[in-house]
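Fold and geometry: a report
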Amino acid sequence: MSTIQLALNDVACSGCISNIKRKLKRNSGVKKVKILSGSGKVEINYDEKMIGSEEINRSIHKLTLRTFD
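Reading the values: the criteria
Residues numbered from 1 in each chain as written. Predicted model: local features only at pLDDT ≥ 70, side-chain atom pairs only at ≥ 80, totals over all residues. Heavy atoms only, no water. Helix = DSSP H or I, 4+ residues; strand = E, 2+ residues; numbered from the N terminus. Contact = heavy atoms within 4.5 Å. Areas by Shrake-Rupley, 256 points an atom, 1.4 Å probe, with all protein chains shown as cover. Buried < 20%, exposed > 50% of the residue type's maximum accessible area, 1.4 Å probe, protein only. Polar contact = N/O pair within 3.5 Å; in protein donor to acceptor, adjacent residues only side chain to side chain. Core = buried A, V, L, I, M, F, W, Y, C linked by side-chain atoms within 4.5 Å. Pairing = 2+ DSSP bridges.

1. A closer look at the overall build of the protein chain
- Along its length, the protein chain carries two helices and three strands.
- The order of α-helices and β-strands along the protein chain, N terminus first, is β-α-β-β-α.
- By sequence separation, contacts in the protein chain at least 24 residues apart represent 55% of the contacts at least 6 residues apart.
- Entry remark: accessible area of the protein chain is about 4,500 Å², with carbon and sulfur atoms responsible for 45%.

2. Some thoughts on the environment of E48
- Mapped onto the fold, E48 is located in the loop between β3 (41-46) and α2 (53-67).
- By relative accessible area, E48 is classed as partly exposed at 40%.
- Sequence separation between E48 and G29 is 19 residues, and the spatial gap between their C-alpha atoms is 7.3 Å.
- Once residues within four sequence positions are removed from consideration, E48 is found in contact with M1 and S2.
- Polar side-chain contacts of E48 include one of 2.7 Å to the side chain of S2.

3. Topic: the nonpolar core
- Judged by nonpolar contacts, the single largest core of 15 residues is most densely connected at L6, L24, V42, I44, I56 and I60.
- Elements represented by at least two residues in this core include exactly β1 (2-7), α1 (14-24), β2 (30-36), β3 and α2.
- Beyond its immediate stretch of four places on either side in the chain, L6 contacts G40, K41, V42, I44, I56, N57 and I60.

4. A word on the pairing of β2
- Two elements, β2 and β3, share six bridges in a ladder whose sense is antiparallel. Considered in β3, the bridge of L36 is made with K41.
- As consecutive antiparallel partners, β2 and β3 are separated by four residues, and within that stretch G38 has a phi angle of approximately 75°, a positive value.

This is the structure:
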């Protein structure tokens, strides 16, 4: 199990962040997603055998783009 922290600076509202959190959890290998209050970051626990950090980064990027469309 690995953990990464990624910035969500472009996401302003808590509703958008919750939406991203919920959708990230749907990815195979993502075990836990935690919003780090006040830091603009999200902490993700994942199984590196099932999903890589690059794929998680791409997922977040796609989700943030869809959130603001």
